[in-house]
Amino acid sequence: MTIKNILVVDDSKTELHHLSDILGKAGFSVRTAENGEEAMKKLAESKPDLILMDVVMPGQNGYQLTRAITRDPLYAGVPVIMCTSKGLETDKVWGMRQGARDYVVKPVDAELLLGKIKNFD
């Protein structure tokens, strides 16, 4: 599967802009959502090839949202990369248990992130 369309879920407009800039310059088509509810609407409109997921958000957090997405037969094939400031090993293990396929700690290193995305191609 070639990754072309990425959904970035983060409640920080600064992070959304930063990540969209990195991904856009690398040739990806990027859509954004600021919370779980908006993310689910965007998923229903058009299934992305990959999701970058923040953890700490109002309402449904990234762990809950990742679990909901990866356990839904419609979206189970869409890889989720957690992209969060929560950098403890226990945070990473918990994220992977919720269905995330990879984990990146903020501040994001552009080359590292793009390399991880390329692994799904």
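Only a predicted model underlies this, so the values are computations on that prediction, with no experimental measurement involved. (Residues numbered from 1 in each chain as written. Predicted model: local features only at pLDDT ≥ 70, side-chain atom pairs only at ≥ 80, totals over all residues. Heavy atoms only, no water.)

**Thoughts on the overall build of the protein chain**
Move 1: Of regular secondary structure, the protein chain possesses five helices and five strands.
Move 2: Start at the N end of the protein chain and walk to the C end: the helices and strands fall as β-α-β-α-β-α-β-α-β-α.
Move 3: The C-alpha atoms of the protein chain give 13 Å as radius of gyration, which agrees with the globular expectation for 121 residues (14 Å, within 12%).
Move 4: Across its three principal directions, the C-alpha atoms of the protein chain cover 30 × 30 × 25 Å.
Move 5: For the protein chain, with 121 residues in total, the buried portion stands at 44%.
Move 6: Relative to all contacts within the protein chain whose residues are 6 or more apart in sequence, the contacts with residues 24 or more apart total 61%.
Move 7: For the protein chain, the exposed surface amounts to about 6,300 Å²; the carbon and sulfur share of it is 51%. (Helix = DSSP H or I, 4+ residues; strand = E, 2+ residues; numbered from the N terminus. Rg over C-alpha atoms; globule rule 2.2 N^0.38 Å. Buried < 20%, exposed > 50% of the residue type's maximum accessible area, 1.4 Å probe, protein only. Contact = heavy atoms within 4.5 Å. Areas by Shrake-Rupley, 256 points an atom, 1.4 Å probe, with all protein chains shown as cover.)

**Overview of helix α2 (residues 36–45)**
Move 1: By the burial criterion, the buried members of α2 are G36, A39, K42 and L43. Along the axis of α2, the buried positions cluster into a sector of 120°, meaning they face one direction only. Looking at α2, the residues exposed on the side facing more than 90 degrees away from the buried face are E37, K41, A44 and E45.
Move 2: Regarding α2, its N-cap is N35, as a side-chain oxygen of that residue lies 3.2 Å from the backbone nitrogen of E37 further along. (Arc of directions from axis to C-beta. Polar contact = N/O pair within 3.5 Å; in protein donor to acceptor, adjacent residues only side chain to side chain.)

**Quick look at the packing of helix α1 (residues 13–25) against helix α5 (residues 110–118)**
Two packed helices can be described by the angle between their axes and the distance between those axes.
Move 1: Running from N to C, α1 and α5 cross one another at 60°; their axes reach a closest spacing of 11 Å. Of the possible angle classes, the one that applies to α1 and α5 is oblique. Between α1 and α5 lies a crossing of right-handed hand. Here L19, I22 and L23 of α1 come into contact with α5, specifically with A110, L113, L114 and I117.
Move 2: In terms of residue class, the contact of α1 with α5 is made up of seven nonpolar, no polar and no charged. (Axes fitted to C-alpha atoms, helices over the stretch in contact; angles between N-to-C directions. Parallel < 35°, antiparallel > 145°, perpendicular 65-115°, else oblique. Left-handed = near helix turned anticlockwise from the far one by under 90°. Nonpolar A, V, L, I, M, F, W, Y, C, P; charged D, E, K, R; others polar.)

**A word on α1**
Move 1: Helix length check: α1 (13 residues) gives 18 Å between terminal C-alpha atoms against 18 Å at 1.5 Å per residue, within 8%.
Move 2: The inward-facing, buried residues of α1 abut β1 (5–9), β2 (29–33), β3 (50–53), β4 (80–84) and α5.
Move 3: At the exit of α1 stands G27, carrying a positive phi of roughly 95°. (Expected span 1.5 Å × (residues − 1).)

**Some remarks on the pattern of salt bridges**
Move 1: On inspection of all chains with the given rule, the structure shows nine salt bridges.
Move 2: Here K25 and D21 are joined by a salt bridge, their closest N and O atoms 3.2 Å apart. With a gap of four residues between them, K25 and D21 both fall in helix α1, about one helical turn apart.
Move 3: With a shortest N-O distance of 3.0 Å, D102 and K116 are connected by a salt bridge. With a gap of 14 residues between them, D102 in strand β5 (residues 102–105) and K116 in helix α5 connect regions that are remote in the sequence. Of the two residues, D102 and K116, neither departs from the other in class, the shared state being buried. (Salt bridge = Lys/Arg side-chain N within 4 Å of Asp/Glu carboxyl O.)

Limitation: the analysis is restricted to geometry and does not speak to function.
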